[in-house]
Amino acid sequence: MKYRTIGTDPATRREVSVLALGAMLFGSQTDEKTSFAVLDRYVETGGTFIDTSDNYAFWADGSQGGQSEELLGRWRRSRGIGDEIVIATKLGARPLAPGTSYIDNPEGLSAKVIREAAERSRERLGVEKLDLLYAHIEDRTVPLEETVEGFAALVEEGTVGLLGVSNHAVWRVERARALAAAAGLPRYEVLQYQHSHLRPRTDMPDDLFPDGSLGGAGAELLSYLRAEPGLTLVAYSPLLKGAYSGPDKPLPADYDHPGTPVRLAALREVARETGATVNQVVLAWQLGGDLPVVPLAGASSVAQLEENLAAVDLELTEDQRARLDAAH
């Protein structure tokens, strides 16, 4: 395993494995025995960065979520896991009632919610301190100042370490960071967005973003990373939920455009040259790039995890990387 540092403050920054493990479906669609086996193997190979959320996976059974955090709490206790493993979680998108969702009934990002949701996450995970806490989705009903101050209060109290943000417009991330800096408060330092080698269309509106998707790492967010070297991008769904692996899982509709076949061809060409899988090439491309990217990949079996882990040691040549970058 290889490692990198996330965060800049010596008091809160952490060294984490370069490949993060997504626990979204653990305890719901992925049963406990399998989840524990994947977690055990990940840690055995040196993995130290696990990702969850307080709303995972509410859609699996019409609940409010929490199954993933609860399973991770049981796993931590049964294995004697301490603070050597960094567990990141998120708040803001937990449905307020069973049978609803983050679209129509989210908990939001008020100071009250931030405090109460973080406390519940700590209880489910069985930790005194949340290593990394994200604002999961935007809440434009609450002043940004309130959200910034709400997160900062938990850092000051020592119940939260690093702060992160996911699925927000870049201008709102920068505004929140500017407000925090002006007030001398901790800022978002980890950005979690969907990012893969294939590029989605960003002009297709969805329920959260009527002007087009803001959940992907597009040109504006990537240029923001270049301008702010203290930030780290945690790239979720880098393998597009298995769509690279075979025709039984088609690409999402927002990847249906002329640029996709060209980039897919480049991936497959490099995979043939290296003897690696397309999934491994995607992860290696992210891991070895010039931006600070931590791929966040889930696994529903130890075999899937092993495939992903092998990407850590896959070194692409400059020519291969140039061809992957240039394909469009």
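What you see is a predicted model, and the numbers here were worked out from it, not measured in a lab. One numbering rule holds for all chains: residues counted from 1, following each sequence as written. The predicted origin of the model limits local features to residues at a pLDDT of at least 70 and limits the giving and counting of side-chain atom pairs to 80 or more, whereas totals for whole chains, interfaces and linings rest on all residues. By convention in this description, side-chain values take in all heavy atoms of the structure and omit both hydrogens and water.

On to the overall build of the chain. Secondary structure elements follow DSSP: runs of H or I of four or more residues count as helices, runs of E of two or more count as strands, with numbering from the N terminus. Scanning the chain from terminus to terminus reveals 11 helices and 10 strands. Seen through its principal axes, the chain has C-alpha atoms that stretch 55 × 45 × 40 Å. Here the term buried applies to any residue with accessible area under 20% of the maximum for its type, exposed to any over 50%, and partly exposed to those in between, with areas from a 1.4 Å probe on protein chains only. Looking at the chain residue by residue over its 328 residues, the buried ones come to 52%. Only heavy atoms enter the contact rule, under which two residues are in contact if any of them lie within 4.5 Å. Of the contacts formed within the chain by residues at least 6 apart in sequence, a portion of 75% connects residues at least 24 apart. Here, Shrake-Rupley sampling with a 1.4 Å probe gives the accessible areas, and only protein chains in the shown set may cover a residue. Summed over all atoms, the accessible surface of the chain reaches about 14300 Å², with 51% contributed by carbon and sulfur. Of the charged side chains in the chain, 33 are positive and 48 negative; the average position of the first set lies 2 Å away from that of the second. Charge assignment in this entry is limited to Lys and Arg as positive and Asp and Glu as negative, and neither His nor the chain termini are counted. Where a charge sits is defined by one atom per residue type, namely NZ (Lys), CZ (Arg), CG (Asp) or CD (Glu).

Another point: the sheet that holds strand S9 (residues 232-236). A barrel is described by the order of its strands in space; here eight strands give the closed sequence S3-S4-S5-S6-S7-S8-S9-S10, paired in parallel fashion. Here the strands of the sheet are splayed against their neighbours by 30 degrees on average, with no regard to which way each runs. Each axis is a line fitted through C-alpha atoms, and for a helix only the stretch in contact is used; angles between axes span 0 to 180 degrees, taken between their N-to-C directions. Its contacts with the sheet put helix H4 (residues 111-125) on strand S5 (86-91) and strand S6 (130-135), and the angle it makes with S5 is roughly 140 degrees. At least two bridges found by DSSP between two strands are what make those strands a pair.

Turning our attention to the environment of Ala-23. Tracing the backbone through its elements, the reader meets Ala-23 in the loop between strand S3 (20-22) and helix H1 (32-44). Along the backbone, Ala-23 and Gly-184 are 161 residues apart, and their C-alpha atoms lie at a distance of 33 Å. Once residues within four sequence positions are removed from consideration, Ala-23 is found in contact with Ile-50, Asp-51, Ser-68 and Leu-72.

Relative to the helices and strands, His-136 is located in the loop between S6 and helix H5 (144-157). Between N or O atoms, a polar contact is any pair within 3.5 Å; within protein, one atom must be a potential hydrogen donor and the other a potential acceptor, and residues adjacent in sequence are included only when both atoms are from side chains. Here the side chain of His-136 touches Ser-53 through a polar contact of 3.2 Å, side chain to side chain.

Take H5 next. Compared with the 20 Å implied by 1.5 Å per residue over 14 residues, the 20 Å span of H5 between its first and last C-alpha is a close match. Inspection of H5 places Leu-144, Thr-147, Val-148, Gly-150, Phe-151, Ala-152, Leu-154 and Val-155 among the buried residues, and these make up the whole buried set. Tucked into the core, H5 has its buried residues touching S5, H4, S6, strand S7 (160-166) and helix H6 (170-182). Immediately beyond the C-terminal end of H5, within one or two residues, lies Gly-158, with a positive phi of roughly 90 degrees. Every helix has an expected span of 1.5 Å times one less than the residues it contains.

Bringing empty space enclosed by the protein into the picture now. A cavity here means a set of points on a 1 Å grid, drawn over the protein atoms and nothing else, where a 1.4 Å probe fits but cannot get out; a pocket is an open set with protein on both sides within 12 Å along at least five of seven lines, and a residue lines either one if it has an atom within 4 Å of a point. Grid points are joined across faces, edges and corners, and a volume is the space filled by probe spheres set on the points. For the structure shown, the criterion picks out one cavity of 30 Å³ or more. By volume, the largest cavity is sized at about 50 Å³. Every residue lining the largest cavity is listed: Val-148, Phe-151, Leu-163, Ala-176, Arg-177, Ala-180, Pro-186, Arg-187 and Tyr-188. Only H5 and H6 provide two or more residues apiece to the lining of the largest cavity. Per element, the largest residue contribution to the lining of the largest cavity is three residues, and it comes from H6. Side-chain classes follow a simple rule in which Ala, Val, Leu, Ile, Met, Phe, Trp, Tyr, Cys and Pro form the nonpolar group, Asp, Glu, Lys and Arg form the charged group, and the remainder, Gly included, forms the polar group. Here the residues of the lining of the largest cavity are counted per class, giving seven nonpolar, no polar and two charged.

With that settled, consider the pattern of salt bridges. Only one rule defines a salt bridge in this text: a Lys or Arg side-chain nitrogen within 4 Å of an Asp or Glu carboxyl oxygen. Considering all chains together, one arrives at 19 salt bridges under this definition. Residues participating in the shared-partner salt-bridge network are Glu-269, Glu-273, Asp-319 and Arg-323.

Right, let's get into a nonpolar patch on the surface. Here the term patch refers to residues with relative accessible area over 30% and no salt bridge, with like charges joined within 9 Å and nonpolar side chains (Val, Leu, Ile, Met, Phe, Trp, Tyr) within 5 Å. On the surface, Tyr-102, Ile-103 and Leu-208 cluster together into a nonpolar patch covering about 220 Å² of accessible area. Considering the arrangement of structural elements, one finds Tyr-102 in the loop between S5 and H4. Owing to a relative accessible area of 30%, Tyr-102 belongs among the partly exposed residues under this scheme.

To continue, consider the packing of H6 against helix H7 (residues 219-227). H7 packs onto H6 with a crossing angle of 30 degrees between their chain directions and a minimal axis gap of 10 Å. Between H6 and H7, the angle is such that the two are roughly parallel. Taking contact as the criterion, the partners of Val-170, Val-173, Glu-174 and Arg-177 in H6 are, on H7, Glu-220, Leu-221 and Tyr-224. To sort the angles, those under 35 degrees are grouped as roughly parallel, those over 145 as roughly antiparallel, those from 65 to 115 as roughly perpendicular, and the leftovers as oblique.

So, on to the packing of aromatic side chains. Ring geometry is summarised as follows: Phe, Tyr and Trp rings, the Trp one being its six-membered ring, pair when their centres sit within 6.5 Å, and such pairs are stacked at plane angles under 30 degrees, edge-to-face over 60 and tilted between the two. For the coordinates displayed, the defined rule picks out four aromatic pairs. On the basis of an interplanar angle of 75 degrees and a centroid distance of 6.0 Å, the ring pair of Tyr-56 and Trp-59 is categorised as edge-to-face. Tyr-56 sits in the buried class, given a relative accessible area of 9%. Both rings, one in Phe-58 and one in Tyr-102, keep their centres 6.0 Å apart while their planes meet at 90 degrees; by these two values the pair is edge-to-face.

We now examine the side chain of Ser-53. The topology assignment puts Ser-53 in the loop between strand S4 (49-51) and helix H2 (58-61). When near neighbours in sequence (up to four residues on either side) are disregarded, Ser-53 contacts Glu-69, Thr-89, Lys-90 and His-136.

So, about the packing of helix H9 (residues 278-287) against helix H11 (residues 318-326). In the contact formed by H9 and H11, the axes pass within 11 Å of each other and the chain directions differ by 95 degrees. Comparing their axes, H11 and H9 come out roughly perpendicular. Here H9 contributes Val-281, Ala-284 and Trp-285 to the contact with H11, which in turn contributes Arg-321, Leu-324 and Asp-325. For the contact of H9 with H11, the class distribution of residues is four nonpolar, no polar and two charged.

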